[in-house]
Structures are given as structure tokens and as C-alpha cells.
Amino acid sequence: MRKKTLYRLRIMSLSIALPLLLTVVPVFAQEEEYSGVGLYAEISSSVNAFKITDNQYSNSDIRGQGAQNHTDMIFPTETPNFWDDSYLLLGYDGEKYGGSFRVREQPDVKVWARFGFIKASLGNNLKSVYADSLGADPELRIYVNEDAQYDHSWNTAVNPDNITDDVGVLVEALLDPVTIAVATGYFLPKYEWFKVPDTNIYHDKETSAYRYGARIGWDLGDFGKLNASYRIRHEGWPTKYQYKTNTEEVVPKSADAEVYYHEFGLYGSLHPLKDLSVTIGYNGMITSYLNEYYLADGSQVETGYPLVFRNGVNLNATYQVTDRVSLRTDNCLTVWRDKNYKLMGTSNTDGKWANFNLEPKRTADTYKEIDHFVLWNGLGINYKLTSNLSLGGYLRNMIGLYSVSGSTSVGTKADYSWLRDTWEAKVSLDLQLSSRSSVGIGLTFFGSMTQRSRDLNAESRSIFIDHIGGDNRNPKPDPVETFDKAFSVSIPLSVTMRL
């Protein structure tokens, strides 16, 4: 398949227990930038002053309006969206208590208080990480997507080390050199009532959604630090329950009536040399569905693929080459297998493209597992031209390959392959006007390539037009492999002021 080889190579007891623990087992967060400064304020804004994007599509003669070559342009005279990366931050940070309010499109708030070695925080801006990401954005992570179609972008990932997931209550015990942390998020119970036919008897089932996290860290002094983190999320849906045939027992009618997401990580943030820092991380995620459920006829069936296990590794490093030059790299690999054929992006709603993780095992067993492979590599350099002027460069690339071959959903041998290759190169010039203000200007190049196999396109909706030349009297076009590209250039501007 054209270019395929090349790109392959590039490639409820818990609900009770944890709140109790929060009162007696006070998560360590990295020291905040404004720690102990008293009152502070910061305003930051960034926007693209100019952006041009060229979109190129293969076989556009047999494809629809959305797959025609075109160029998009954004000029300074256009109305810019300043909210994307802009905010106003107001706060107070003292020895015993503090808080902050960040004004942006979705406002954030955080308050905290410290009692000896115990620190408690709450709000919706509670990012709490222990491992040092060494400037990587996103931080240490594992790529995951539970939606109907895979969204291949830089940020479709989770960070298990952020045990708060930014929202909720956080309690930290700062026990040098060991730190212990627990966090709790949302808990939204809601009851659904099931009426027994021809009676006034009701049975209830609870809708529940919660998230808890825990972490332990060990400070090794000058050599670095180690930590282990864990986060659990749960969702329960009473609407996915029913009465068991000829009984008053409420039973699940879908494998996703109860879903657990277990996210965990092991990290080492080390300084093996004076000028070298390295962070190594393993991230894992287990999505757990019910092992069994009941069909409409009352029969009990096994779930087709009740556990989806994702594995991810991270390797980040920074090296201070000289007093003026520094290098950094961040790398992330995520792999997993499942039978969710919806993730292949066909927009096909027939039974061949269902999420077979949730189907009966006897059905799911007839389908091959899909291989998911996501690889990110980033490399950056920063050169301090003067004491207040810096020149930076950063190149990142992310490859996502989702493929399955053999006897698949069409019932015959097929080769489904969806390859996405995205890269971005940035050059930036940052000027420190004073200790409290800075401005920046950059030049960003972005490119993406998407390749879909012929067999996958044959099963996909809206890829090709219905009839050659748009005439109903003509035959339908034969499916072919497609290869689409996009390239853009933009000029980002940014200003930051601190009071």
C-alpha cells in the first residue's frame, strides 16, 4: 500500500472510605510559582496575528465538497479569539493560607490552607503533579479516546500523576522526605425507580459518578525523586438496567451500565549529572466493563471485551549544554488493543461497525482486535542571546496508526488501516522587558498527513460521491486509498505582565 511501509516504520465501600481518609491521611504538589509572595496578579494574552493553511486531498474528483483542495487565511484584520490562551490571574499566597481566581473563558478558582504538615485545597484549578515533566506540554501522559471516532490531536491524553484531574478536594501530608496524598472529585448520586408491573412496588438503582486519587512520593535529595500515582473514575447508568424476565430483580442490559477507569503511573525524576535531568515514567489505564449482562429475552451473556488495557511510556530529558544553551526532549509511546470498530472513523452506523467491546462474547469473538499505536517525539533548544532575550526552537511529531487485518467486520479478509502523522515546528523570540513583564513573537509551521486504506474507505460513509461526475446515471466510483495533507504557517504573539 502506497507509503504505508514508510509510515509504519516512523512509528460503594470506596465512596465511604476515601472521604474518611481525607480527614486523617492528609497530595503533594510541586511548589507553586507564587509560593509565599502575598498578593499577586498576572495577565497574559496570546493570539495568532496571521495564519495560512493549505489543504490538499487525493482523488478529489470522486470526493465531496469537504475534500476539495483549498487555502484558509486569517489576517490581523479578522476578529481574533483572545480567549484560547489568555487569562487574568488574581491571588494571594501566604505561609498558612491562600487562593487564586483565574478569569478566562471558563473561570478557575482555588483556595488552600495549611495546618502544620497538612495542607488542604479545593477548587477547579487543582492540578497536582509530583513527577517533573521537564517542560513537556502536555505533561507525562497516556493517550486515550473513548469517543466514537479517534480524535488525533496533541492533547487527547490523560495524566494519572495529576490525581485531582484539576477539580475537587486535595489534602497533602508533607512528611519530608516522604509525601502522601489523596484527592476526591465529583460524586453525583441520582436514583432511578423501577416499578414492578401491576403493583405499587418500586426498586431503585443509583446513578453514580466519582473520581478519587492517591499518590506517594519519596524525595531523594540532589539525585531526584520517585513516586507512584493512582486515579479511579466510575460511571453508573440506571437507564441501562431492566427487570430480569419474570422476576423483580434489576439487572444490567448493557456492558457499560457500570464502567471503571483505573489510571496509574510509576515515575522517576532524576538528576544523574549536574547539567542533566531525566524523567522516566510508565502510565497505564484499564477500562473495565461488566463481565456479564442480560439481553432483552432474559438470557445472560458474557461481555465481548470487558477489559481494555493501555500501556504508555514517557522519557523526558533536559541538558544544560552551556550557560546560554539548553536542550530538551520529550517522548511518549502508547499502545493498546480492543474491538471498538467505531474508533476507525467510518461514520457507518450499521452493525458491522459497533463497539464490540460491549457486544456479547459470541459476536465479538468473530472480529479481530484492532491495534492502536501512538508515538510522540519532541526536541527543543533554547539559546539565551542576552540576559533578557532568548531564541527558542521546538519540533514535535506524533504518529497514530490504527489497523486490523484478516476476517473483520465485513466477514471476509480485509485490511483496515488509518494512519495520521502530525508535526509542528516552532521558532520563538522572547524578550524579558523587566522582572515582571515579557513579550514574545514566533513563527510556527504545522503539517499533517492522513492515509486511509482502500478497504477502510470502502466501508466508510461520505468519503466518495454517490456517482461519478455527480450524475445519477453514472456508476459509483470504485473505492481507493486516500492520502490527504495540510500545511500551515502562523505568527503567534504573546504578552505577559505580573504585578
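Reading the values: the criteria
Residues numbered from 1 in each chain as written. Predicted model: local features only at pLDDT ≥ 70, side-chain atom pairs only at ≥ 80, totals over all residues. Heavy atoms only, no water. Helix = DSSP H or I, 4+ residues; strand = E, 2+ residues; numbered from the N terminus. Buried < 20%, exposed > 50% of the residue type's maximum accessible area, 1.4 Å probe, protein only. Contact = heavy atoms within 4.5 Å. Polar contact = N/O pair within 3.5 Å; in protein donor to acceptor, adjacent residues only side chain to side chain. Core = buried A, V, L, I, M, F, W, Y, C linked by side-chain atoms within 4.5 Å. Phe/Tyr/Trp six-rings, centres within 6.5 Å; stacked < 30°, edge-to-face > 60°. Patch = residues over 30% accessible without salt bridge, like charges linked within 9 Å, V, L, I, M, F, W, Y side chains within 5 Å. Areas by Shrake-Rupley, 256 points an atom, 1.4 Å probe, with all protein chains shown as cover. Salt bridge = Lys/Arg side-chain N within 4 Å of Asp/Glu carboxyl O. 1 Å grid on protein atoms, 1.4 Å probe; cavity = no way out; pocket = protein on both sides within 12 Å on 5 of 7 lines; lining within 4 Å. Points joined across faces, edges and corners; volume = space filled by probe spheres on them. pLDDT = per-residue confidence, 0-100. Pairing = 2+ DSSP bridges.

**Here we look at the overall build of the chain**
- The helix and strand tally for the chain stands at four helices and 26 strands.
- Relative to its 499 residues, the chain shows a buried fraction of 44%.

**Here we look at the environment of Thr 164**
- Considering the arrangement of structural elements, one finds Thr 164 in the loop between strand E8 (157–158) and strand E9 (168–175).
- Those residues in contact with Thr 164 that sit more than four places away from it in its chain are Leu 126, Lys 127, Ser 128, Leu 170, Ala 183 and Arg 211.
- At a separation of 2.5 Å, a polar atom in the side chain of Thr 164 contacts the main-chain carbonyl oxygen of Leu 126.

**Some points on the environment of Ile 180**
- Position of Ile 180 among the secondary structure elements: in strand E10 (residues 178–187).
- Since its relative accessible area comes to 30%, Ile 180 is described here as partly exposed.
- Note: C-alpha distance between Ile 180 and Arg 215 (35 residues apart in sequence) is 6.0 Å.

**Some details on the nonpolar core**
- Counting residues in hydrophobic clusters, the biggest one holds 34 residues, and the most contacted among them are Tyr 341, Met 344 and Tyr 416.
- Only strand E7 (142–143), strand E16 (258–273), strand E21 (325–338), strand E22 (370–384), strand E23 (389–407) and strand E24 (413–434) provide two or more residues apiece to this core.
- No other element matches the four residues that E23 contributes to this core.
- Counting residues in each nonpolar core, the second largest holds five residues, with Leu 126, Ile 163, Leu 170 and Ala 181 among its members.

**Thoughts on the packing of aromatic side chains**
- One pass over the full model with this rule turns up twelve aromatic pairs.
- Seen in terms of ring centroids, Tyr 341 and Phe 356 are 5.7 Å apart; in terms of plane orientation they differ by 85°. Their pairing is edge-to-face. Taken together, the residues Tyr 341 in the loop between E21 and helix H3 (361–364) and Phe 356 in the loop between E21 and H3 connect sequence positions 15 residues apart. Accessibility assignment for this pair places Tyr 341 and Phe 356 in one class, buried.

**What to know about a nonpolar patch on the surface**
- On the surface, Tyr 383, Leu 391, Val 427, Leu 429, Ile 441, Leu 443 and Leu 493 cluster together to form a nonpolar patch covering roughly 520 Å² of accessible area.
- Every element with two or more residues in the nonpolar patch is listed here: E24 and strand E25 (437–452).
- A relative accessible area of 34% places Leu 493 in the partly exposed class.

**Examining empty space enclosed by the protein**
- Of the voids in this model, the largest cavity is the one considered here, and its volume is about 30 Å³.
- Taken together, Val 129, Ala 131, Ser 133, Glu 139, Leu 140, Asn 159 and Asp 161 form the lining of the largest cavity.

**Examining the side chain of Ser 490**
- Mapped onto the fold, Ser 490 is located in strand E26 (residues 482–498).
- We classify Ser 490 as buried; its relative accessible area is 7%.
- For Ser 490, the residues in contact, after removing those within four places along its chain, are Asn 48, Phe 50, Lys 51, Gly 442, Leu 443 and Thr 444.

**So, the environment of Val 489**
- In this structure, Val 489 sits in strand E26.
- Separated by 438 residues in the primary sequence, Val 489 and Lys 51 have C-alpha atoms spaced 5.6 Å apart.
- Apart from the residues within four sequence positions on either side, Val 489 is in contact with Phe 50, Lys 51, Ile 52, Leu 443, Thr 444 and Phe 445.

**What about the pattern of salt bridges?**
- Per the stated rule, a full pass over the model turns up 15 salt bridges.
- Arg 337 serves as the salt-bridge partner of Glu 369, at 3.2 Å between the closest nitrogen and oxygen. On the criterion of sequence distance, the pair formed by Glu 369 in the loop between H3 and E22 and Arg 337 in strand E21 is long-range, its members being 32 residues apart.
- Overall, Glu 369 belongs to the partly exposed group, its relative accessible area being 26%.
- As a salt-bridge pair, Asp 365 and Lys 361 come within 2.8 Å of each other at their nearest N and O atoms.
- Using a relative accessible area of 42% as the deciding quantity, one classes Asp 365 as partly exposed.
- Within this structure, Asp 165, Arg 231, Arg 233 and Glu 263 form a network of salt bridges that share partners.

**Considerations on the confidence of the model for the chain**
- On average, residues of the chain carry a pLDDT of 84, and 87% of them reach 70 or more.
- A low-confidence stretch, residues 1–31 stays under pLDDT 50, and its non-local contacts, those more than four residues away or across chains, total 86 contacts.

**Re unusual backbone geometry**
- Cis geometry is found at the peptide bond from Asp 137 to Pro 138, where omega equals 0°.
- Here Pro 138 shows up in the loop between strand E6 (118–123) and E7.
- A cis amide bond links Asp 176 to the next residue, Pro 177, at an omega of 10°.
- Examined against the element boundaries, Pro 177 turns out to sit in the loop between E9 and E10.
- Backbone geometry places Asn 59, a non-glycine residue, at a positive phi of 55°.
- Turning to its location among the elements, Asn 59 is positioned in the loop between strand E1 (38–56) and strand E2 (70–74).
- Overall, Asn 59 belongs to the partly exposed group, its relative accessible area being 30%.
- A positive phi is found at Asp 165, a non-glycine position, where the angle reads about 50°.
- With respect to the helices and strands, Asp 165 occurs in the loop between E8 and E9.

**Structural notes on the pairing of E1**
- Where E1 meets strand E3 (residues 87–93), seven bridges bridge the pair, whose relative direction is antiparallel. Its bridge partner being in E3, Tyr 40 is matched across the sheet by Gly 91.
- Pairing analysis gives 14 bridges linking E1 to E26, with the strands arranged antiparallel. Within E26, the position partnered with Ile 52 by the bridge is Val 489.
- Where E1 and E2 come together, five bridges link them in antiparallel fashion. Bridge pairing links Ile 52 to Met 73 in E2.

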